[in-house]
Amino acid sequence: MERTEKKYLNAEREDEMEVVGYQPCWWKLGLVGAGTLCSGGLLLLFLYWMPEWSVKCMCKEVSLKEASVLLLWTTDEFHTCFRVRVHYMEAPGYEPLGTLLPSQGKKPAYSPTTLVIEHPECEKDLPSKTPDVEGVQVRYFIHQNTKYMWSPRGQVFQRLVALEEGIPCSALHACYSTGLPAISKDYRKLFYGENQIDVKVPSIPRLLVKEVLNPFYIFQVFSVILWSFDDYYLYASAIVFMSVLSICTSLYTVRKQYVLLHDMVAAHNVVRVRVYRSNNVTEEIFSTDLVPGDVIVIPTNGTMMPCDAVLISGTCVVNESLLTGESVPVLKTSLPVPARCANGTVQQEEEEVYSPESHKRHTLFCGTAVIQTRFYSGEPVKAVVIRTGFYTSKGQLVCSILYPKPTDFKLYRDAYRFLLCLVCVAGIGMVYSIISSTLKGEEAERIIVEALDIITITVPPALPAAMTAGIVYAQHRLKRKGIYSISPQRINVCGQLNLVCFDKTGTLTEDGLDMWGFLRAQDGRFLSLEREVTSQTLTRSYFIAAMATCHTLTNIEGKISGDPLDYKMFEATGWILEEPTAEETALHDQIMPTVVHPPHQTTSAIPSCGDADMELQELMNSYEIGIISQFPFSSALQRMSVVTRTLGERRLTAYMKGAPETVASLCKKETVPENFSEVLEKYTQQGLRVIALAHRKLEAKLTWHKVQSVNRAVIEGSMEFLGLIMMQNKLKPRSVPILSELKRACIRTVMVTGDNMLTAVSVARECGMIPPHGKVIVTEASPPKDGQAATIQWQHAEDPSSWRKHVGTDTKDVRINVEDGSLKDRPQSPEVSYHFAMSGKSFAVITEHFPDLLPKLLLCGTVYARMAPDQKTQLVEALQKVDYYVGMCGDGANDCGALKRAHAGISLSELEASVASPFTSKTPDISCVPDLIREGRAALVTSFCVFKFMALYSIIQYLSVLLLYSVLSNLGDAQYLFIDLAIIMSIAFTMSLNSSWRELVPRRPPSSLISVSMLLSVSMQILLSLAFQVTAFLLVKEQPWYETWTPSSNVCNRSRGEELTNTSISVHNESEVDEHNISNYENTTLFFVSCCQYLAVAFVFSKGRPFREPIYRNYLFMGCILVLYGFIILIMMYPIEIIDDFFQLVCVPPDWRNKMLLLILANVTLCVLVENLLCDSNFWWLRNLFAGSYNEHPVPDVYPQLDLSPATLTCGRRLWDQRGRPPKAKYKRLAQELLVDPDWPPKPKTSTKAKGLCGESGGQEGQGWSPGDTATQL
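Predicted, not measured: the structure shown is a model, and the values here were computed from it. (Residues numbered from 1 in each chain as written. Predicted model: local features only at pLDDT ≥ 70, side-chain atom pairs only at ≥ 80, totals over all residues. Heavy atoms only, no water.)

**Structural notes on the overall build of the protein chain**
Right, so step 1: For the protein chain, the count of helices and strands is 40 helices and 42 strands.
Right, so step 2: A total of 1274 residues make up the protein chain; the buried ones form 54% of that total.
Right, so step 3: For the protein chain, the share of sequence-separated contacts (at least 6 apart) that also reach a separation of at least 24 residues comes to 74%.
Right, so step 4: In the structure as shown, the protein chain presents an accessible area of about 56,500 Å², 56% of it carried by carbon and sulfur atoms. (Helix = DSSP H or I, 4+ residues; strand = E, 2+ residues; numbered from the N terminus. Buried < 20%, exposed > 50% of the residue type's maximum accessible area, 1.4 Å probe, protein only. Contact = heavy atoms within 4.5 Å. Areas by Shrake-Rupley, 256 points an atom, 1.4 Å probe, with all protein chains shown as cover.)

**Concerning the sheet that holds strand β9 (residues 156–159)**
Right, so step 1: Taken in spatial order, the four strands make up an open sheet running β6-β7-β8-β9, and their pairing is antiparallel. Only two strands of the sheet have a single partner each, and these edge strands are β6 (87–91) and β9. This sheet shows a mean twist of 40 degrees between the axes of neighbouring strands, independent of strand direction.
Right, so step 2: As paired strands, strand β8 (residues 146–151) and β9 are joined by four bridges and run antiparallel to one another. Within the sheet, the bridge partner assigned to Y148 lies in β9 and is R159.
Right, so step 3: Here helix α5 (residues 182–192) sits on the sheet and contacts β6, β7 (136–143) and β8; the angle it forms with β6, its principal contact strand, is near 175 degrees. (Pairing = 2+ DSSP bridges. Axes fitted to C-alpha atoms, helices over the stretch in contact; angles between N-to-C directions.)

**A short note on helix α20 (residues 676–684)**
Right, so step 1: Within the sequence span of α20, burial applies to F676, V679, L680, Y683 and T684. In an axial view of α20, the angular spread of the buried residues amounts to 125 degrees, which keeps them on one side of the axis.
Right, so step 2: For α20, the secondary structure elements touched by its buried residues are β22 (514–522), β23 (525–526), α19 (660–665), β31 (688–697), β32 (720–728) and α23 (757–767). (Arc of directions from axis to C-beta.)

**A closer look at the side chain of D931**
Right, so step 1: Relative to the helices and strands, D931 is located in helix α28 (residues 928–965).
Right, so step 2: What D931 contacts, discounting residues up to four positions off in sequence, is L478, K481 and I483.

**Description of the nonpolar core**
Right, so step 1: Membership of the largest hydrophobic core comes to 101 residues, with the highest contact counts inside it found for F949, M950, I983 and I987.
Right, so step 2: Top element by residues in this core is α28. It accounts for 20 residues.
Right, so step 3: Every residue in contact with I983, bar those within four places of it in the chain, is listed here: F978, C1091, Y1094, L1095, L1124 and I1128.
Right, so step 4: L497, A745, I933 and L1000 belong to the second-largest nonpolar core, a separate cluster that totals 45 residues. (Core = buried A, V, L, I, M, F, W, Y, C linked by side-chain atoms within 4.5 Å.)

**Thoughts on helix α30 (residues 1012–1037)**
Right, so step 1: Helix length check: α30 (26 residues) gives 37 Å between terminal C-alpha atoms against 38 Å at 1.5 Å per residue, within 8%.
Right, so step 2: Inspection of α30 places M1014, S1017, V1018, Q1021, L1024, S1025, F1028, Q1029, A1032, F1033 and V1036 among the buried residues, and these make up the whole buried set. (Expected span 1.5 Å × (residues − 1).)

**Looking at the side chain of R696**
Right, so step 1: Structurally, the position occupied by R696 is in strand β31.
Right, so step 2: On the basis of relative accessibility, which here comes to 9%, the residue R696 falls in the buried class.
Right, so step 3: A distance of 2.6 Å separates polar atoms of two side chains, one belonging to R696 and the other to E699.
Right, so step 4: In this structure, R696 is in contact with L652, T653, A654, V714, I715, G717, S718 and M719, ignoring residues within four places of it in sequence. (Polar contact = N/O pair within 3.5 Å; in protein donor to acceptor, adjacent residues only side chain to side chain.)

**What about the pattern of salt bridges?**
Right, so step 1: Under the criterion given, the structure shown has 24 salt bridges.
Right, so step 2: A salt bridge links K568 to E571; its shortest N-O distance comes to 4.0 Å. With K568 and E571 both in helix α16 (residues 564–573) and three residues apart, this pair spans about one turn of that helix.
Right, so step 3: Under the relative-accessibility criterion, K568 is labelled partly exposed at 25%. (Salt bridge = Lys/Arg side-chain N within 4 Å of Asp/Glu carboxyl O.)

**Some thoughts on the packing of aromatic side chains**
Right, so step 1: A full pass over the atoms with the stated rule returns 24 aromatic pairs.
Right, so step 2: Ring geometry for W150 against F157: centres 5.0 Å apart, planes inclined by 65 degrees, an arrangement best described as edge-to-face.
Right, so step 3: Note on W150: relative accessible area 10%, which makes it buried.
Right, so step 4: F157 sits in the buried class, given a relative accessible area of 2%.
Right, so step 5: On the numbers, 6.3 Å between centres and 85 degrees between planes, the contact of F843 with Y864 is edge-to-face. Of this pair, F843 sits in helix α24 (residues 840–849) while Y864 sits in strand β37 (residues 861–865), placing them 21 residues apart in sequence. This pair shows no difference in class: F843 is buried, exactly as Y864 is.
Right, so step 6: Every member of this aromatic cluster is reached through a ring pair, and the members are F978, F1087, F1088, F1127, F1142 and F1143.
Right, so step 7: Note that K382 overlies the ring of Y276, its terminal NZ or CZ placed 4.9 Å from the centroid.
Right, so step 8: Taking the ring centre of W1240 as reference, the NZ or CZ of K856 above it sits at 5.4 Å. (Phe/Tyr/Trp six-rings, centres within 6.5 Å; stacked < 30°, edge-to-face > 60°. Lys NZ or Arg CZ within 6 Å of the ring centre and 35° of its normal.)

**A look at the pairing of strand β19 (residues 382–387)**
Every regular strand shows the same layout, with side chains that alternate between the two sheet faces.
Right, so step 1: Burial analysis of β19 places six of its six residues in the buried class, which makes it a mostly covered element.
Right, so step 2: Where strand β12 (residues 295–297) and β19 come together, three bridges link them in antiparallel fashion. When the sheet's bridge partners are listed, V297 is paired in β19 with K382.
Right, so step 3: Bridge count for strand β14 (residues 308–313) against β19 is five bridges, and the pairing is antiparallel. By the bridge assignment for β19, V310 is matched with V384.

**Examining the environment of T333**
Right, so step 1: Its place among the elements puts T333 in the loop between β16 (330–332) and β17 (363–364).
Right, so step 2: Residue T333 is classed as buried on the basis of its relative accessible area, which comes to 6%.
Right, so step 3: Sequence spacing of T333 and V310 is 23 residues, and the spatial spacing of their C-alpha atoms is 9.2 Å.
Right, so step 4: Residues contacting T333, with those up to four places away along its chain left out, are L311, G314, T315, R361, H362, Q630 and P632.

**Some words on the sheet that holds strand β18 (residues 369–374)**
Right, so step 1: Ordered by their spatial adjacency, four strands build an open sheet running β13-β18-β15-β16, and the pairing between neighbours is antiparallel. The strands lining the two open edges of the sheet, one partner per strand, are β13 (303–304) and β16.
Right, so step 2: Pairing of β13 with β18 involves two bridges; the strand directions are antiparallel. By the bridge assignment for β18, M304 is matched with A369.

**What to know about the environment of I1129**
Right, so step 1: Locating I1129 in the fold gives a position in helix α34 (residues 1115–1133).
Right, so step 2: Judged by relative accessible area, which is 23%, I1129 ranks as partly exposed.
Right, so step 3: Each C-alpha atom, one on I1129 and one on M1156, is 9.8 Å from the other, the two residues being 27 residues apart in sequence.
Right, so step 4: The residues touching I1129, leaving out its near neighbours within four places in the chain, are Y1134 and L1157.

What follows is the structure in structure tokens.
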């Protein structure tokens, strides 16, 4: 059947997959069964390795409705294929959240895939027993711990969702506040299963079978069987021993990781919780029995959350360090109750759909620890269960660990291609062996064994272990530097990083903020700058009251905890914060507020008995403010607010703080000073963190009880502007030198922050991301409005010389020019580099309406301010699409998505390992970034060295064996053992010990094995090895003493006694020796020459600077080289009878030993000269530069954002351009186009309109760009 229409799961989401249905086909099953019998099970093994082909070979394609087997393909660049089986279950209905017996003719209030409940009484009509309802057959499948249900209406499988999608906030209060009946709980549990993140630890037999069926070990089994037929028992035993050891090590490591993850998850997997049932009855159950819609009671003494739940009453203080890596307590408030009309219905304009992301300040996430609760008397803190099991936030993190996204890296792709090439070479050798042996009259059995033996020689069995060694060593070195990794394979990718994004606060700058000063506003104008917050004249001002109350601080075990900014602001006031105890709260009908007051004053919320006049006087003198409702800070809204009541006042007061632009927009216009923008810009340009304050007296109708459930939009409006607070956020001491080091290495640095634009630009200048004379182009994009197209306004930021005396330069428009026609000369340097700065709002508009312009902005963008967490992730993805290797360094709080998405995410967390990032540093600054890049480069170069060495080892041995096959000989068992164990294994594992070079250089190591330099190096060494082996092989036959060797041969002119002894020993072993014709002059010659060739290529391939320490500092490697060379030369020049007998070597005359020594010395010399003078990239780089030393690493001072290497800017660039071969990386192609674009960058005070709508107003028209196009004008 032909595919008519593609079906997708999770459409337009990150985990989108294409799905195709299949059904078993009997005639195909018969053919596969016959093929399995004929191939001895090999066909079945091949189908096990290829799940896609196994389904296509045994099934026929059908519609999803009829399918019993499904194939899933991810729609990303990897196109990973999965095979799943469709299951069936009996249930009383199709809808997981619906009623069992909906009323006839009643239309569901919400989507049938989410909810069919219209009012709180809707579930009272449910039948008492589920079995009484006629069951339906529900089809589903499970993929990566996620269940997908068949939708009869949509005729497609849909991801099982709970209450996290499409549920209005009003429904959570109206339909779920009283709890679920038991019958509904049982019904939903059929679909959602147990609320448990069950990380199953595979059994040892299952892991063993999976490991043994790996293609590598199957090849090992094939090799051992073949060697056993050839009587190579000693070498086969060694391989079996190494394979068993490798399998045991792998099983131990894999099982240990599963056990650790299982223990971490299971630590709080099962707890006892109290839930509400119908009629307001509570019962205590295990958390595994929770289902979406259950109402749970949060204990007063706190708990570890077993599910995702939304608060519907009370407040909680939560530690979310498991999810964010940040242990700062977070205040969670109850979900606001939407306002209702007079008839009791929710006002449509205020209707809001619940989302765990947008309502995270009201959501308790699974795995987080509830520290404290605050509640009303008689009404405990309640929360509605939103998600359970693997659908929770903690479950999704565990899934990301269990099923990581594959790493796409050229090295691994090229490695497989290279192995295929070796297989092809082996095929040629097999043909030669068969023809040669047949012509010489060999037995058929012997011909087959020798031909198959070629494969085991050409494909190195120790390659995977040797390739892994460099990564393991790098991981240990990183651990010693306090950098931990949960994804070691990404260490190699770190070696290719050419752009690193940095968060600002807590990453580049200190976590703590210091009070710098404040400006109060009065009568629509700013007063003079003030520094002293604790002045007595300001104690009862609204400004100080806002500082003391507008926060989410809490008192935990006698210590104030909360957001660092809130803490610093409150600490500056010197006020005291007091919270009621649970006992005090229980004594009142309403929640006891958090009380703040100036120092040297006690609270008097509960007056004691005494003289009435004294009490009245005390109350009149007391100044206390109670915080009765809080609206926590929201990244999307960029503000927070509180509702307070001052002791002695009847009306409530609201205070608000947040981003100055946001706060000013919510204030009465007459209260905002006219010079607000100029003053704000003045202080943000100095790198200060600016916070605005506002307040308002609430209407009398907004009482204590009403504000507990009112929407924050009702409170946050018509405010009165109070002024600005300036706080200083100092750079960390290591930030500037580290960023300078990255700049010298031509690694782009980008700032991605949620802070103010001008503050971010100022910090970028201060830390060196933007040079002193750099021009900043602020990109302000506005979405379509009133029929007008989306527009970008280009504004050049004010030159810093106006407020920094040490910087003075004439600002001019920047152009990037080259000479017309020929590109023979280096581009002229512009007067100043340029850097784009944009906000998160502008980034969203450009991404949506200017997709063709986005790559140009990314190429030169340096500052991204006011970026939301999801926008940081989108930025990383956009940079990767233009072929940047992106690193991300953040504090782990708002950067989790970007840390996961980047090629190398580094979390600055105190935790030893973070589930949110591949790398975690215990050092709280960015010094870990160059360390990681250095080790990544060293590991990458090591991988290339080891791969080249293992490839040459196979080819050298392959040549030796083919030459020996021509004389019906072969290498002996002991010779194979010595080569593979003593030489290859020791060299392969010690050549990976080179640590990283201390300096980061502008060059990056190659990322592909299929490159000119790599292929040239390998090819030249193969030719040298072939030439010297053939020379030695032919030359030994030309010697005057040469004859076909027999046990009685005496070319060494030994004495008669030695000859008789040698003869007797040889005759004793004659049956063993002659069977394979091991002992002969050709074998002995090629053994010595090839052994020295292994060591020679290992020496020349083991690269040192500029990415690794010099080779002479790898003492173990050099020791192995010298010891092995010494041993080989010793037994060659001074034969030792016992050793000769063990290796089955024959004695040759001294003159031939001298000639072999000269051949070996010549081979080593030519290997070194060819590698360093002909193949090494150092030589090409020096020749392209025509001047300067390699180790000087000249850095292009201009256009650092273009990331053009010196070679690219000079002769290397000419060579590529003249041949018509542009760079492969998209960003490099675009960079070359921008070098010759006269209209880039955009002129100041111009605009660009989106395509599709007309707009000619003096602006520039946005044009598209594709990597293959020439430069275009804006």
